[in-house]
Amino acid sequence: MTKSKPWISLSGIGLFAVLLLAVAPLVLTDHWLNNLGKYCCWAIAAVGIGLAWGRGGMLVMGQGVFFALGAYSMAMHLTLETAGDRIPGFMVLYDPLAPLPVFWEPFRSTGFTLLAIVLLPVLLASSLGYALFKRRVKGAYFAILTQALAVALATLISSTIRETGGDTGLSDFKYFFGFVLNDPANKRMVYLIAAALLIVCLFAVWQLYRSRFGELLVATRDAEERVRFLGYDPANVKLVAFVVSALMASIGGAMFVPIVGIITPAEIGAAASILMIAGVAFGGRASLFGPALGAIAVGWGQSSLGSTWPDGWTYILGLLFIVVILFLPNGLSSLPARFTAARRSPDRQPAPAIVAAELEEARP
Amino acid sequence: MSTTSKRLRTLTAMGAVGTTVLVLAGCGARAGDETAGSRTSAAPSCVDTSGDTIKLGFLNSLTGGMAISEKTVSNVLHMGADEINAAGGILGKKIAYVQEDGATDWPTFAEKTEKLLTQDCVAAIFGGWTSSSRKAVKPVVEKHNGLFFYPVQYEGLESSPNIYYTGATTNQQIIPAMDFLASRGVKKLFLAGSDYVFPRTANAIIKLYAAKLGIEIVGEEYVPLDKDDWTSQVAKIVAAKPDFIFNTINGSSNVGFIKAYYDAGLTAGTTPIISVSIAEEEAPAMGHEVTGHYASWNYFQSLKTDTNPKFIESWKAYPNSSGVTSDPMEAAYISLYLYKALVEAAGSFDVDAVNAAAKKNTITFDAPEGKVTLDGDNHHISKPGHIGQINSNNQFDIAWASDKFIEPDPYLESYDWFPADIRKQLVDAAG
């Protein structure tokens, strides 16, 4: 459906880029720009979820795992950068005499850290995806499995307090690859990197959606058996989408750390992973901009409504979620298309494709 | 031209744009550029002191797992602000407070601290409960040169020019508890705690001091903060046959522990527990099963001081009050009055002026626990040590008291059994 009018999507990405990279730094205070940077990190992960879930039909409920790989890789590097030659303070606290855990050592290197942010999620997602998709694990089973992984990882981090900082997490980073994080100019730079990465991810999935792979992915989502009969292996198609979405979650996590200044297991566990999904569903999982916009909207709601109405905010989110699922199953971004469709030809609705996929998923 | 090369060209163009943006943006300070202080680049404070009110920020978890404890702290801060306002305010300015929700989520504590300091422009922030929340707030208040008043007993080994600690540090709660155990002739001690920074650090200190006192540690068990099942750990306690249990469990996990302990046939008569996180607020949830066990605090509702009756009375009359007073809420109450005393001694709300006033070591407050004095160097206060035994009304009978107020010593510098090299590593790591 986007294929006919590429300029619409391209100018949309352009508009997004102008708003995030030029307008936002001019009109927002440092505090809100930093918050927007945080929402951009969630949005980067959301773009990946849109690819895997919206286009690929894989309900990835545990993106927190990949978010954590990026976030903790970055956090370990920044912790070591701050500590210099010394052992990080929190480790001294728990066991003053033990050395730095061996798996921390390589994260001293900038190159290794950047490589780890990219390669760790790719390796984990490929081996996990290969095992699952070749065995044709899908639907609820896939969702539960990914969710369980997120819970397991969060528990593991919480219980290895000396190695990972446990429930308290890693925080108090002074430098970001040599730049002093306390300097507002550098904070703006970190924001711009996150925003630019979001634009790049949007562009990348747009290209994927337009490609033959994109067609094949949607076909796999809607009728996996038919794709198989046509001679393609749906497992490979899904694997690629899953790996790309994992990579994006990891990039989002990596940028989250210098922007927010702290990473804890709570940000990567079950609740956090579900909140990522909620933003995507809210914005519109199968659309290009829906996931990113949804993630930014949920993030903004959490910051501002959560402030004025701490008790009420989660109820508002829940209510919105129900309303969207009931009346706009393709999210808020399907609103304009719905209006046009209703006006031009009342019998043509853009929704059925996904509903069919949903039914397919429901079958074991 | 083929589509692939077109795409490649677009990608290259995007990459070029991205790089330019970053190069243009990367004009901030680099490592090594900054002078010795860590907040050379902090923006000037935006606190408005021109009107007849002064803005303060209260940052407590009103939602999530810690809400049950932190709502009380939030409430008592509101009560303190009302009292101070009724008496004329601080430097003649009424307190206008901004309440924020930390939501039991440490990054949220960091975000809200930044909001309170840079958007609401508050003169000081009061709140936090878990050490994790304080550790999330610390870099942010240091970056913006703000003030944070932390009201809960904690693991010590920390100090910051931007934080005031009105709860006990280890030598005012953990060490008195160990002295009490030694005075009772305890030989075998078992450590049970929640798995996070406070219990881990507290137990590291306990083990060092126990070695000096000749107390043997016969076991050490941890359970995550949000887990309530202690059955298998209690079985280990039964097998280890200790004389006493040192309990550093926090939150509702205590209810599960005390129940499993009681169900295993262990009582205060056979193997008593000494806790550092069970107070008047928490005890009722554990009913008769906790009766007879001990707790180490500085303040108890049962303390007989000149100021305590009025504090209890005001609290009981305050809307939404729980009806009982406890140590952390008393410490939060102190924090607000301590800030008032600091500002009035400085004659200004300016952070550097407040810190300079603290340095004179003359700031005191007639607290419900007694007259406390602020140590201007480490930003902690002197406190009396008390051990209470839980009676059938879920109140505490005082079983032991320190002979004088204990001066705060967060880095345990006056204790020779605390290894100097560890202290040095910690101080260095804290930077």
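Since the model is a prediction, treat every value here as computed from it, not as a measurement.

Secondary structure assignment for chain B yields 12 helices and 14 strands. For chain B, the C-alpha radius of gyration of 24 Å lies close to 22 Å, the compact-globule estimate for 431 residues. Buried residues in chain B amount to 58% of all 431 residues. Taking all contacts inside chain B whose residues are at least 6 apart in sequence as the whole, residues at least 24 apart take part in 68%. Approximately 16200 Å² of chain B is accessible, and the part contributed by carbon and sulfur atoms is 54%. Here chain B carries 36 positive and 49 negative side-chain charges, and the mean point of each set is 5 Å from the other.

Here we take up unusual backbone geometry. All names here are of chain B. Of note, Asn394 is a non-glycine position whose phi angle comes to about 60°, a positive value. Mapped onto the fold, Asn394 is located in the loop between strand S13 (386–390) and strand S14 (396–401). Given a relative accessible area of 15%, Asn394 falls into the buried group. The residue Leu412 is not glycine, and still its phi comes out positive at about 50°. Along the chain, Leu412 turns up in the loop between S14 and helix H12 (420–430).

Let us look at empty space enclosed by the protein. Counting across every chain of the model gives four cavities of 30 Å³ or more. Of the pockets and cavities examined, the second largest cavity occupies roughly 50 Å³. Among the residues making up the lining of the second largest cavity, the classes are represented as six nonpolar, five polar and no charged.

Another aspect to go through is the interface of chain B and chain A. Counting residues at the interface gives 47 residues for chain B, matched by 50 residues for chain A. With both chains or domains summed, chain B and chain A bury close to 4500 Å², and 60% of this area falls on carbon and sulfur atoms. Linking chain B with chain A are two salt bridges. Between B:Glu111 and A:Lys38 there is a salt bridge, and its shortest N-O distance comes to 2.4 Å. Taken together, the connections running from chain B to chain A amount to 11 residue pairs in polar contact (both at pLDDT 80 or more). Of the residues that constitute the side of chain B that touches chain A, the class distribution is 20 nonpolar, 11 polar and 16 charged.

A complete count under the given rule lists 36 aromatic pairs over all chains for this structure. For the pair A:Phe142 and A:Phe242, a centre-to-centre distance of 5.6 Å together with 75° between the ring planes defines the contact as edge-to-face. Of the two residues, A:Phe142 is situated in helix H6 (residues 139–159) and A:Phe242 in helix H11 (residues 234–260); the sequence distance between them amounts to 100 residues. Take A:Phe142 and A:Phe242: they sit in the same class, and that class is buried. Arranged with centres 4.8 Å apart and planes meeting at 70°, the rings of A:Phe176 and A:Phe177 form a pair that is edge-to-face. According to the relative accessible area criterion, A:Phe177 is partly exposed, its value standing at 22%. Joined through ring pairs, the aromatic side chains of B:Phe58, B:Tyr97, B:Phe126, B:Phe149, B:Tyr164 and B:Tyr339 make up one cluster. Its end group placed over the ring of A:Phe179, B:Arg30 keeps NZ or CZ at 4.2 Å from the ring centre. Against the face of B:Tyr150 rests B:Arg134, its NZ or CZ located 4.8 Å from the ring centre.

All names here are of chain B. Counting buried residues along S13, four of its five residues qualify, which places the element largely inside the surrounding structure. One ladder, built from four bridges, connects strand S10 (residues 294–297) with S13; its direction is antiparallel. Residue Ala295 lies in a different strand from S13, and its bridge partner there is Gly388. Both S13 and S14 contribute to a ladder of five bridges, which runs antiparallel. Pairing of Ile390 across the sheet is with Phe396, part of S14. Here S13 folds back onto S14 in antiparallel fashion, the turn holding five residues, of which Asn394 has a positive phi close to 60°.

This brings us to the environment of B:Asn85. Residue and element names in this part refer to chain B. Its location among the elements puts Asn85 in helix H2 (residues 67–86). Between the C-alpha atoms of Asn85 and Pro107, which are 22 residues apart in sequence, the distance is 32 Å. Excluding residues within four positions of it along the chain, Asn85 makes contact with Lys94 and Ile95.

In this section: the nonpolar core. Within the largest apolar cluster, 226 residues are counted, with the highest numbers of intra-cluster contacts made by A:Leu198, B:Phe246, B:Phe257 and B:Tyr339. The dominant element in this core, judged by the number of residues it contributes, is H11(A), at 16 residues. Every residue in contact with B:Phe246, bar those within four places of it in the chain, is listed here: B:Ile174, B:Ala177, B:Met178, B:Leu181, B:Leu189, B:Phe190, B:Leu191, B:Ala192, B:Ile206, B:Ile274 and B:Val276. Among the nonpolar cores identified, the runner-up in size contains six residues, and A:Phe282, A:Val298, A:Trp313 and A:Leu328 belong to it.

Residue and element names in this part refer to chain B. As summarised here, the arrangement of the five strands in space is S2-S1-S3-S4-S5, forming an open sheet in which the pairing is parallel. Looking along the sheet, the strands with just one partner apiece sit at the ends: strand S2 (94–101) and strand S5 (163–165). The sheet shows a mean angle of 25° between the axes of neighbouring strands, direction not considered. Inspection of the sheet shows strand S1 (residues 53–60) paired to S2 by eight bridges, in the parallel sense.

Looking at chain B, the pLDDT average stands at 91 and 90% of residues meet or exceed 70. Two numbers describe this predicted complex: its pTM, 0.90, and its ipTM, 0.89.

Rules of the game
Going along each chain's sequence as written, the residues are numbered from 1 onward. Chains and ligands are labelled by the order in which they are written, letters from A for the one and numbers from 1 for the other. Predicted model: local features are reported for residues with pLDDT of at least 70 only, side-chain atom pairs are reported and counted for 80 or more only, and whole-chain, interface and lining totals are derived from all residues. The side-chain numbers reported here are obtained from all heavy atoms of the structure, hydrogens and water having been left aside. Counting from the N terminus, the helices are the DSSP runs of H or I reaching at least four residues and the strands are the DSSP runs of E reaching at least two. Note that the radius of gyration is over C-alpha atoms, with the globule rule given as 2.2 Å times the number of residues to the power 0.38. Note on classification: 1.4 Å probe, protein chains only; a residue is buried when its accessible area is under 20% of the maximum for its type, exposed when over 50%, partly exposed between these limits. We call two residues contacting when some pair of their heavy atoms lies within 4.5 Å. Here the open area of atoms and residues is found with the Shrake-Rupley method and a 1.4 Å probe, where only the protein chains shown may cover a residue. Only four residue types enter the tally: Lys and Arg on the positive side, Asp and Glu on the negative side, with His and both chain ends excluded. Every charge is mapped to an atom, namely NZ of Lys, CZ of Arg, CG of Asp or CD of Glu. Definitions used throughout: a 1 Å grid over protein atoms alone; a cavity as a set of points that fits a 1.4 Å probe which cannot get out; a pocket as an open set with protein on both sides within 12 Å along at least five of seven lines; a lining residue as one with an atom within 4 Å of a point. Grid points are joined across faces, edges and corners, and a volume is the space filled by probe spheres set on the points. Throughout, the ten residues Ala, Val, Leu, Ile, Met, Phe, Trp, Tyr, Cys and Pro are labelled nonpolar, Asp, Glu, Lys and Arg are labelled charged, and all others, Gly among them, are labelled polar. The buried area of a pairing is the accessible area, by a 1.4 Å probe, that goes missing from both parts when the two are put together, added over both. Salt bridges are defined by distance alone: a side-chain nitrogen of Lys or Arg within 4 Å of a carboxyl oxygen of Asp or Glu. By the criterion applied in these results, polar contacts are pairs of N or O atoms within 3.5 Å in which, for protein atoms, one can donate a hydrogen and the other can accept it, and in which residues neighboring in sequence qualify only through two side-chain atoms. Stacked, edge-to-face and tilted labels apply to pairs of Phe, Tyr and Trp rings (six-membered ring for Trp) whose centres lie within 6.5 Å, assigned for plane angles under 30 degrees, over 60, and everything in between, in that order. Whether a charge sits over a ring depends on NZ of Lys or CZ of Arg being within 6 Å of the ring centre and within 35 degrees of the ring normal. Strand pairing is defined by DSSP finding a minimum of two bridges between the two strands. What we call a nonpolar core is a set of buried Ala, Val, Leu, Ile, Met, Phe, Trp, Tyr and Cys residues that are connected through their side-chain atoms within 4.5 Å. Note on definitions: angles span 0 to 180 degrees between N-to-C directions of axes, and those axes are lines fitted to C-alpha atoms, for helices only across the stretch in contact. Per residue, pLDDT measures the predictor's confidence, with a range of 0 to 100.

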